[in-house]
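# An overview of the molecular structure
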Protein chains: 2
Amino acid sequence: METLTLCIIGERGHTNYVLDGLKDLPHARVAGISPGGAAEGVEFLNAALHCMGHEPRLYAEYRQMLDRERPDLLCVIGPFERHAEMCLEAFARGIPVLCEKPVALTLDELARLRDAWQVNPVPFASLMGMRFESPFYTLFQAVKAGVIGDPRLIQAQKSYRLGARPDYYFRRETYGGTIPWVGSHAVDLIHWLSGQRFESVFATHSAQNNAGYGTMEVSAQMQFVLSGGVAASASLDYLRPSGAPSHGDDRARVAGTLGVIEARAGRVWLIDAQGERELALREPPSLLADFVAQVEGSGEGMQDGAQTLAVTEACLLARQSADEGRVVRFVQEEA
Amino acid sequence: METLTLCIIGERGHTNYVLDGLKDLPHARVAGISPGGAAEGVEFLNAALHCMGHEPRLYAEYRQMLDRERPDLLCVIGPFERHAEMCLEAFARGIPVLCEKPVALTLDELARLRDAWQVNPVPFASLMGMRFESPFYTLFQAVKAGVIGDPRLIQAQKSYRLGARPDYYFRRETYGGTIPWVGSHAVDLIHWLSGQRFESVFATHSAQNNAGYGTMEVSAQMQFVLSGGVAASASLDYLRPSGAPSHGDDRARVAGTLGVIEARAGRVWLIDAQGERELALREPPSLLADFVAQVEGSGEGMQDGAQTLAVTEACLLARQSADEGRVVRFVQEEA
């Protein structure tokens, strides 16, 4: 197998998806890394990569890295507010991009991404880690196999501990908001599980009781209407107490024409005409391996650029709905 | 204790709340019963009451019953589309009313009820049976005791088997819709648990895949914004498979500033700074006994007329939102 070269920008948040994925990809070589900005570091990333046998070149300026290394794929894990810019630079060079979600923090950025991606439709996905967790992967496979018939109603939940957060969470400009940051996972699940188009959204969010964390919202809910009369809701919070047995309480429930399926507490339950039972968990690929297979043409991949853009749009319109207290309708057809 | 006299109109649906409640009220005597209309019967009700030692007089016309018996309270369990009319007749006579929910099927009816009740503010409540189920009663008592701090986010779920239904479910005029019929319980829980005013609602409902049951919706979701930035959602469905272990899968979850509490599968879990644990269930009063205590002045009662009207309004505005695909705002202050 030919060597696959990667470059990585930044070491924020979910660097673990990339590092964990690399362990199972012996033919992948990290050629270059670059901080996401002047105030950002990559020391942790650099140390971790060396420990794993990689010897990345360190670039102060990521554009120079892209031009010199011409990597087979770029991972963008830098400042949230520069995701879109960095994706655009990669698209312009024909480089596939795996980017932290959301890939854009504003509708303007999203429009530029969409236009550029249509010109250079490289493989493009984001760090939608929930798809690659066993319970949600198992639930998806069961839904796609038709065990609950046609999905009619979806409920998703993300409940996190608040804990200590870096300063960039406390401003909309650098955080983007809890709906795009936390809610994007729920929106992605809804899009992925329903197989439908988003038609409208009503959402609400609140920064009350946020421990003084600036504009950071700590509770939010979204209600989507999708094509085919499918309804989907998501509830998001950072209200999970410090004493909770785990960081998150993530759930998804899909009620369909033949049954109801639910992922909760790391397990999956199905109710159908035969009764209720727990499903054996299926082993998903790693997020990185799945994307690499798509880049190399050896697999279809569980994510694609059109989905990535559609889910980002849904997050940004939900945030707009919550900001403005009104229903926002989706006017553009998905690619 | 003085004898308490009751009259009952109709025997639809939740007659059991009244019959079960009577067993624990030895001083209560059912003086008269009347069918809810020409096409309705009270044979089952009559037989059950005789079996319990009551000897109600049977009236073809309920107004005559109210005038002759002048009962201490009236139970309205007849055709849904006549709830409001029957409550109005009772209000006009100063008779306390316990009515099947929703107490009105249209906003016009509701306005008439509200006006009349303000003139004659008799004890007035509806068959909000979920409040009187141990898990939800336990959850409410814990929330009111402050164990989760201030509620910020509420999720409610009603999931039913569809099963065989009488014809009056299949037309909006006689059924009212799934949001008022099933959803009223969820709306009532939200109102009761949050202690907040409704500010706006966005809802969606669908009659697709309803087994040919006319206009009856089998899936619906609602998203409420309440005062204080509290968000509340409810998911309603008749998609629970025939093989499910029970008729319903009713749930409520409240995330607050100090913890998260949830009622699910007949049990209640609390997560706070000390960890996660199951709460011992508390024994609620019967719905009827609670209302009788209010009528007799021996207790405050867990329901009141202002709540009953506010919850009915919220259901009808949610249904309007779903019909019209837009956010509906609550303009009236609650009494």
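Residues numbered from 1 in each chain as written. Chains lettered and ligands numbered in written order. Predicted model: local features only at pLDDT ≥ 70, side-chain atom pairs only at ≥ 80, totals over all residues. Heavy atoms only, no water.

Residue and element names in this part refer to chain A. Pairing in this open sheet of 9 strands is mixed, and the strands run β14-β13-β12-β11-β7-β10-β9-β8-β15 from one edge to the other. Two strands close off the open sheet at either side, each with one partner strand: β14 (275–278) and β15 (328–329). Where strand β12 (residues 260–264) lies against strand β13 (residues 267–272), 5 bridges are found, and the strand directions are antiparallel. Paired with Val-260 across the bridge in β13 is Ile-271. Strand contacts of helix α6 (residues 134–144): β7 (151–161), β11 (251–256), β12 and β13, with the helix running at about 170° to β12, the strand carrying the most contacts. (Pairing = 2+ DSSP bridges. Helix = DSSP H or I, 4+ residues; strand = E, 2+ residues; numbered from the N terminus. Contact = heavy atoms within 4.5 Å. Axes fitted to C-alpha atoms, helices over the stretch in contact; angles between N-to-C directions.)

Quick look at the domain arrangement of chain A now. Residue and element names in this part refer to chain A. Here chain A is described as being made up of domain 1 (4–122) and domain 2 (130–284 + 314–329). Taking only C-alpha atoms into account, the centre of domain 1 sits 26 Å from that of domain 2. With 12 residues of domain 1 at the interface, the matching set in domain 2 holds 14 residues. Three residues stand out in domain 1 for area buried against domain 2, namely Phe-80, Lys-101 and Leu-105, and they jointly supply 45% of the buried area on that side. Across the contact surface, domain 1 and domain 2 share 0 salt bridges. Inspection of the domain 1/domain 2 interface yields 2 residue pairs in polar contact (both at pLDDT 80 or more). A breakdown of the residues in the side of domain 1 that touches domain 2 according to their chemical character gives 6 nonpolar, 2 polar and 4 charged. (Domains from an automatic or database assignment. Buried area = accessible area lost by both parts, 1.4 Å probe. Salt bridge = Lys/Arg side-chain N within 4 Å of Asp/Glu carboxyl O. Polar contact = N/O pair within 3.5 Å; in protein donor to acceptor, adjacent residues only side chain to side chain. Nonpolar A, V, L, I, M, F, W, Y, C, P; charged D, E, K, R; others polar.)

Glancing now at the interface of chain B and chain A. The partner chain A presents 52 residues to the 52 residues of chain B that form the contact. Carbon and sulfur atoms supply 53% of the area buried between chain B and chain A, which totals about 3,800 Å² over both sides. Looking only at chain B, the three residues that lose the most surface to chain A are B:Phe202, B:Gln221 and B:Leu239, adding up to 15% of its buried area. Counting across the chain B and chain A interface gives 4 salt bridges. When the shortest N-O distance is used, the salt bridge between A:Glu262 and B:Arg251 registers 2.7 Å. Our enumeration of links across chain B and chain A arrives at 30 residue pairs in polar contact (both at pLDDT 80 or more). The biggest single contributor to the side of chain B that touches chain A is strand β10 (residues 230–240) of chain B, with 8 residues. Classifying every residue of the side of chain B that touches chain A gives 19 nonpolar, 22 polar and 11 charged.

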